[in-house]
Amino acid sequence: QAQLVESGGRLVQAGASLRLSCAASGRTFSSYAMGWFRQAPGKEREFVAAISRSGGRTAYADSVKGRFTISRDNAKNTVSLQMNSLKFEDTAVYYCADSLRGIVVVTTLYDYWGQGNQVTVSS
């Protein structure tokens, strides 16, 4: 059974760095592009970053470009999100998801989702 499990979320101060990880199992990890999304209270889930199957291409939301970096390790079946210079507005539950459609930014084009991991940034 396919499973995505996020980890690394916690409470940090503004300006700090945090690294989220997502461990995949039950599917051929290298067959899927991977994405990170987030959802703040009262808001819709939004695209954060995505990476291609090989890791050679990435995409970012404008709000995180230059601060966040997505990477993957196909040997370890993991995808990570390095978050630097965190802001209060980065506070959200962060989700990883996989897609057979390559790098896409629309939630409905992702096939499987993790359970989410809370990131809280204090101002």
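In this text, all values refer to a predicted model and were calculated from it rather than measured experimentally.

Before going further, it helps to spend a moment on unusual backbone geometry. Positive phi is not limited to glycine here, since Asn77 has a value of about 55°. Its location among the elements puts Asn77 in the loop between β7 (68-73) and β8 (78-83). Overall, the relative accessible area of 26% leaves Asn77 in the partly exposed class. For Ser85, which is not a glycine, the phi torsion comes out positive at approximately 50°. Tracing the sequence through the fold places Ser85 in the loop between β8 and β9 (92-99).

Moving on, we come to the sheet that holds β7. Spatially, the 4 strands line up as an open sheet ordered β1-β3-β8-β7, and their pairing is antiparallel. A single partner strand is all that each edge strand has here, and the edge strands are β1 (3-7) and β7. Neighbour to neighbour, the strand axes of the sheet diverge by 15° on average, direction disregarded. Relative to strand β3 (residues 18-25), β1 runs antiparallel, the two being bridged by 5 bridges. Residue Glu6 lies in a different strand from β3, and its bridge partner there is Cys22.

What counts as what
Residue positions are counted from 1 within each chain, in the order its sequence is given. Since the coordinates come from a predicted model, pLDDT governs what is reported: local features require at least 70, and pairs of side-chain atoms require 80 or more to be given and counted, while whole-chain, interface and lining totals use all residues. Side-chain descriptors were evaluated using all non-hydrogen atoms of the structure, hydrogens and water having been removed beforehand. Only DSSP runs of H or I covering at least 4 residues are called helices, and only runs of E covering at least 2 are called strands; the numbering of each starts at the N terminus. A 1.4 Å probe rolled over the protein chains alone gives each residue an accessible area, and that area as a share of the maximum for its type sets the label: buried under 20%, exposed over 50%, partly exposed in between. One requirement defines pairing of two strands: DSSP has to find at least two bridges between them. Note on definitions: angles span 0 to 180 degrees between N-to-C directions of axes, and those axes are lines fitted to C-alpha atoms, for helices only across the stretch in contact.

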